[in-house]
Amino acid sequence: MSEEPVAVVGIGQTKHVAARHDVSIAGLVREAAVRALEDAGLTWSDIDAVVIGKAPDFFEGVMMPELYLADALGAVGKPMLRVHTAGSVGGSTALVAANLVAARVHRTVLTLAFEKQSESNAMWGLSLPVPFQQPLLAGAGGFFAPHVRAYMRRTGAPDTVGSLVAYKDRRNALKNPYAHIHDADITLEKVQASPMLWDPIRYSETCPSSDGACAMVLTDRDGAARAPHPPAWVHGGAMRSEPTLFAGKDFVSPQAGKDCAADVYRQARITDPRREIDAVEMYVPFSWYEPMWLENLGFAGEGEGWKLTEAGVTELDGDLPVNPSGGVLSTNPIGASGMIRFAEAALQVRGRAGEHQIDGATRAVGHAYGGGAQFFAMWLVGSQPPPG
Amino acid sequence: MRDVAIVAFAQTAHRRRTDELSEVDLLMPVLHEVLGATGLKANEIGFTCSGSADYLAGRAFSFTMALDGVGAHPPISESHVEMDGAWALYEAWVKIMTGEADTALVYSYGKSSPGEVRDVLSRQLDPYYLAPLWPDSVALAALQAQALIDAGDTDETALAEIAARSRADATANPYAQLTGDVPAGDHLVHPLRTGDCPPIGDGAAAVILAAGDTARALCARPAWIRGIDHRIEAHSLGVRDLTDSPSTRLAAQHAGAFERPADTAELHAPFTSQEVVLRKALGLGDDTRVNPSGGALAANPVMAAGLIRLGEAAARIHRGESDRALAHATSGPCLQQNLVAVLEGESAHV
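Residues numbered from 1 in each chain as written. Chains lettered and ligands numbered in written order. Predicted model: local features only at pLDDT ≥ 70, side-chain atom pairs only at ≥ 80, totals over all residues. Heavy atoms only, no water.

**Comments concerning the overall build of chain A**
- For chain A, the count of helices and strands is 14 helices and 11 strands.
- Relative to a compact globule of 388 residues, whose C-alpha radius of gyration would be 21 Å, chain A shows 19 Å and is just as compact.
- Counting every position in chain A, which comprises 388 residues, the buried fraction comes to 65%.
- If you take every contact in chain A between residues at least 6 apart in sequence, the share linking residues at least 24 apart comes to 78%. (Helix = DSSP H or I, 4+ residues; strand = E, 2+ residues; numbered from the N terminus. Rg over C-alpha atoms; globule rule 2.2 N^0.38 Å. Buried < 20%, exposed > 50% of the residue type's maximum accessible area, 1.4 Å probe, protein only. Contact = heavy atoms within 4.5 Å.)

Structure (structure tokens):
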């Protein structure tokens, strides 16, 4: 059976900041949703269903907040689904919404992801003790640092690569008006001189904690024909999961990430991702995950990812720009971070990414991961409808 | 539209406490049971989706460990809703409708025993205006019950009869937590007595969905999903008519429930008074058997109780006891969000 092609016709984000004291959670999500509707030239009554995602409810201290947010998101009388797949949730949420259109269950769907981390304390939210299970190791950085060290040892990457990524992403963020961290005085030396948090991860190589939301309007072929601005078309999308801990798990390059990318490329008929893809928004919460995911997603051979980074290939003016928006390293409302990657990829192929636009981008990837590098979500969007 | 059916269902024996079991321990038997019933292995399933809520476990990311019970290596196509498992089933149904999967494993679980579930559920409420007052779930249901009595839709005697019928029916359900005669009891929160309220319990459930001929190969009498839809209402109780459930009626309409009468309805009504609301919204008459399993008044593992309604309705079709059944699930205070599915056996199709 043939699926309905899915188009992204509206995108909205909030200006991401450390604390939005001026709005409630409902006010925050509504701001992003209204911007997505304006971009799509639609009103609330054009929306058939709402799919919402966020990371754990403990981050704001509200259990199943979609219940309380139904009014703010115009969902009353409509179907509303709440997705939660840890850090990959923003990507998974967009994919669930896309499936509703692809399956022809609904024609036009609003999807939104958010985090308002200032309402609570994310470190506390992740640190509740559980009997008979290992405690989290001083936040996410403590969990991921040993895997970064394993990557360095395995590939012989010089210890300067992580700071190159952070320096690049923070400079890219200066061109993105929605990015949280705007450090106009950033230098490579400042990144390298920042305090060591979880060796080998330095303070300036880590993501911030942000308040923010991201929304998209997805629709079918007829909806795309009516859109006031060029749509982005979904050419492939996939989710893959594996357990957090098991003997033989490769934390440096998890099989679930490789399988997820391979499925997306198969759907999008991509055989040489490095040459055929124009921009990548990948989930890089700690700078070293850029070279690691370049390998995991098939953009570089095993042990070769850091060489692309070092050679400037992933810079804004390189031939495979990675995180032109500034990425998770510059903006991290956790539950929304994955959807921002998906939305920024769509902005690139719509030609609507503003100052951080990659000239002539026709195919772009949005990517997210979550849990103990166990949940993966990814899509590939293009400026033209998928063939067939 | 693709034909999709529930082909297998399993649930735990629901109990007041399961201190000795982790969530994975609770889930493993039901996962093995549904996979065993179909002969499928975890890595042969096209899509997997689960439903649960972190707040019951009292920790973030509680579902990540539950995935261990599936045996998800090689990696699987998988997702999770922070909702009752009925909505995980809905997401899985959508995935099969895209044509990207032919089979799906759906599971959900809830352990209410680690906390005070009445207080925990109050954390679902508007965090700025309502949640700081800590109105608990029984108190909110009591407001709804009083509104029904004031409107002349029911009285305490009629509510007690619903409780007695449910728990009498539950005596035939080996998984039920409360069965047989229960005294109406004292008022817990006026006008609700203990008999009008669900037990607090731990439990899990799993189903397998399959499309077309795959379903026929896996199950002698698949329970075909002829329609499924869900709708949400405003959150604030002050702007809702608590004696009615327009979201249930709308979901039922979109699921095709009103096209022909059903012989069975499994309603997710944790309080007797909510069965009154749902019967009215669904237009159920005396010729529809309501909650032959005993319903949520006999076992109410939060986050699994809705999926169990779908499973119980399907199981009656599997056994040839029903040709057309409605299954309903709810979420949020006073029936805020509702899902309705229409299930049919093959013979009802001709």
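**Comments concerning empty space enclosed by the protein**
All names here are of chain B.
- Considering all chains together, one arrives at four cavities of 30 Å³ or more under this definition.
- Quantified by volume, the largest cavity comes out at close to 60 Å³.
- Lining the largest cavity are 13 residues; nearest its centre among them are Gln11, Asn173, Ala299, Ile308 and Arg309.
- Ranked by residues supplied to the lining of the largest cavity, first place goes to helix α11 (residues 305-318) with three residues.
- Classifying every residue of the lining of the largest cavity by side-chain character gives six nonpolar, five polar and two charged. (1 Å grid on protein atoms, 1.4 Å probe; cavity = no way out; pocket = protein on both sides within 12 Å on 5 of 7 lines; lining within 4 Å. Points joined across faces, edges and corners; volume = space filled by probe spheres on them. Nonpolar A, V, L, I, M, F, W, Y, C, P; charged D, E, K, R; others polar.)

**Things to note about the packing of aromatic side chains**
- Tallied over the entire structure, the rule returns 20 aromatic pairs over all chains.
- Aromatic pair Trp293(A) and Tyr369(A): ring centres 4.8 Å apart, planes at 75 degrees, arrangement edge-to-face. On the criterion of sequence distance, the pair formed by Trp293(A) in helix α11 (residues 289-296) and Tyr369(A) in strand β10 (residues 363-370) is long-range, its members being 76 residues apart. Like Tyr369(A), Trp293(A) is buried.
- In textbook terms, an aromatic cluster arises when at least three aromatic residues are bridged by ring pairs, as seen for Phe143(A), Phe144(A), Trp198(A), Phe251(A), Tyr283(A), Phe286(A), Tyr289(A), Trp293(A), Tyr369(A) and Phe376(A).
- Positioned over the ring face of Tyr167(A) is Arg171(A), at 3.9 Å from the centre of the ring.
- Arg123(B) extends its terminal NZ or CZ atom over the ring of Trp134(B), reaching a point 3.4 Å from the ring centre. (Phe/Tyr/Trp six-rings, centres within 6.5 Å; stacked < 30°, edge-to-face > 60°. Lys NZ or Arg CZ within 6 Å of the ring centre and 35° of its normal.)

**Concerning the packing of helix α5 (residues 139-155) of chain A against α11(A)**
All names here are of chain A.
- Contact geometry for α5 and α11: axes closest at 10 Å, N-to-C directions at 65 degrees. Viewed along their axes, α5 and α11 adopt a mutual orientation that is roughly perpendicular. Along this stretch, α5 crosses α11, giving a crossing that reads as left-handed. Judged by residue contacts, Phe144, His147, Val148, Tyr151 and Thr155 of α5 engage Tyr289, Pro291, Met292 and Glu295 from α11.
- For the contact of α5 with α11, the residue count by class is six nonpolar, two polar and one charged. (Axes fitted to C-alpha atoms, helices over the stretch in contact; angles between N-to-C directions. Parallel < 35°, antiparallel > 145°, perpendicular 65-115°, else oblique. Left-handed = near helix turned anticlockwise from the far one by under 90°.)

**Points about the interface of chain A and chain B**
- At the interface, 53 residues of chain A touch 54 residues of chain B.
- With both sides pooled, the region where chain A packs onto chain B buries about 4,800 Å², and carbon together with sulfur makes up 66% of that total.
- Among the residues chain A hides against chain B, the three largest losses belong to Met63(A), Leu67(A) and His84(A). Together they make up 15% of the total.
- Our count for the chain A to chain B interface comes out at 15 residue pairs in polar contact (both at pLDDT 80 or more).
- Residue assignment for the side of chain A that touches chain B shows that the elements contributing at least two residues are α2 (66-69), β3 (80-83), α3 (89-102), β8 (232-241) and α9 (255-268) of chain A.
- Across the side of chain A that touches chain B, the residue classes tally to 30 nonpolar, 13 polar and 10 charged. (Buried area = accessible area lost by both parts, 1.4 Å probe. Polar contact = N/O pair within 3.5 Å; in protein donor to acceptor, adjacent residues only side chain to side chain.)

**Quick notes on the nonpolar core**
- Counting residues in hydrophobic clusters, the biggest one holds 83 residues, and the most contacted among them are Met216(A), Trp379(A), Ile6(B), Leu89(B) and Leu209(B).
- Per element, the largest residue contribution to this core is 10 residues, and it comes from helix α4 (residues 85-97) of chain B.
- Once residues lying within four places of it in the same chain are set aside, the contact partners of Leu209(B) are Val4(B), Ala5(B), Ile6(B), Leu89(B), Ala92(B), Trp93(B), Ile96(B), Asp102(B), Thr103(B), Ala104(B) and Ile225(B). (Core = buried A, V, L, I, M, F, W, Y, C linked by side-chain atoms within 4.5 Å.)

**Quick word on α9(A)**
All names here are of chain A.
- Taking 1.5 Å per residue, 14 residues should reach 20 Å; α9 reaches 20 Å between its end C-alpha atoms and fits that length.
- Among all positions of α9, only Ala256, Gly257, Cys260, Ala261, Asp263, Val264, Tyr265 and Ala268 are buried.
- For α9, the elements touching its buried residues are β8, α10 (273-276), α11 and β11 (375-382). (Expected span 1.5 Å × (residues − 1).)

**Digging into unusual backbone geometry**
- A cis amide bond links Asp199(A) with the next residue in sequence, Pro200(A), at an omega value of 10 degrees.
- Tracing the backbone shows Pro200(A) in the loop between β5 (196-198) and β6 (201-202).
- Along the chain, His73(B) connects to Pro74(B) via a cis peptide bond; the corresponding omega equals 5 degrees.
- For Phe61(B), which is not glycine, the phi dihedral falls at a positive 60 degrees.
- One non-glycine residue, Cys334(B), lies in positive phi territory at about 50 degrees.
- Among the secondary structure elements, Cys334(B) is positioned in the loop between β11 (324-331) and β12 (337-344).

**Considerations on the pairing of β10(A)**
Residues and elements named next belong to chain A.
- Taking burial as the measure, the eight residues of β10 include seven buried ones, the bulk of the element.
- With eight bridges joining them, β10 and β11 adopt antiparallel strand pairing. Across the sheet, the residue bridging to Ala368 is Ala377, located in β11.
- Adjacent in sequence and paired antiparallel, β10 and β11 are bridged by four residues, among which Gly371 carries a positive phi angle near 65 degrees. (Pairing = 2+ DSSP bridges.)

**Overview of the side chain of Thr288(B)**
Residues and elements named next belong to chain B.
- The topology assignment puts Thr288 in the loop between α10 (272-282) and β10 (289-290).
- Thr288 gets classed as buried once you look at its relative accessible area, which sits at 8%.
- Reaching out from Thr288, the side chain makes a polar contact with the backbone oxygen of Ala262 at a distance of 2.9 Å.
- When sequence neighbours within four positions are dropped, the list of residues in contact with Thr288 reads Ala262, Asp263, Thr264 and Ala265.

**Digging into the confidence of the model for chain B**
- Chain-level pLDDT for chain B is 96 on average; 99% of the residues reach the 70-or-more range.
- Reported for the predicted complex are a pTM of 0.97 and an ipTM of 0.97. (pLDDT = per-residue confidence, 0-100.)

**A few points about the state of the cysteines**
- The full count for this structure, using the stated rule, is zero disulfides over all chains.
- Cys207(A) takes part in no disulfide bond, and the closest cysteine sulfur to it belongs to Cys214(A), at a distance of 17 Å.
- Cys197(B) supplies the cysteine sulfur nearest to Cys334(B), a cysteine that is in no disulfide, at a spacing of 12 Å. (Disulfide = S-S within 2.5 Å.)

**Comments concerning the environment of Gly46(B)**
All names here are of chain B.
- Tracing the sequence through the fold places Gly46 in the loop between α1 (23-38) and β2 (47-51).
- The class of Gly46 is partly exposed, set by a relative accessible area of 27%.
- Taking C-alpha positions, Gly46 is 8.9 Å from Glu78, a pair spaced 32 residues apart along the chain.
- In this structure Gly46 touches Ser77, Ala101 and Thr103, once residues within four positions along its chain are discounted.

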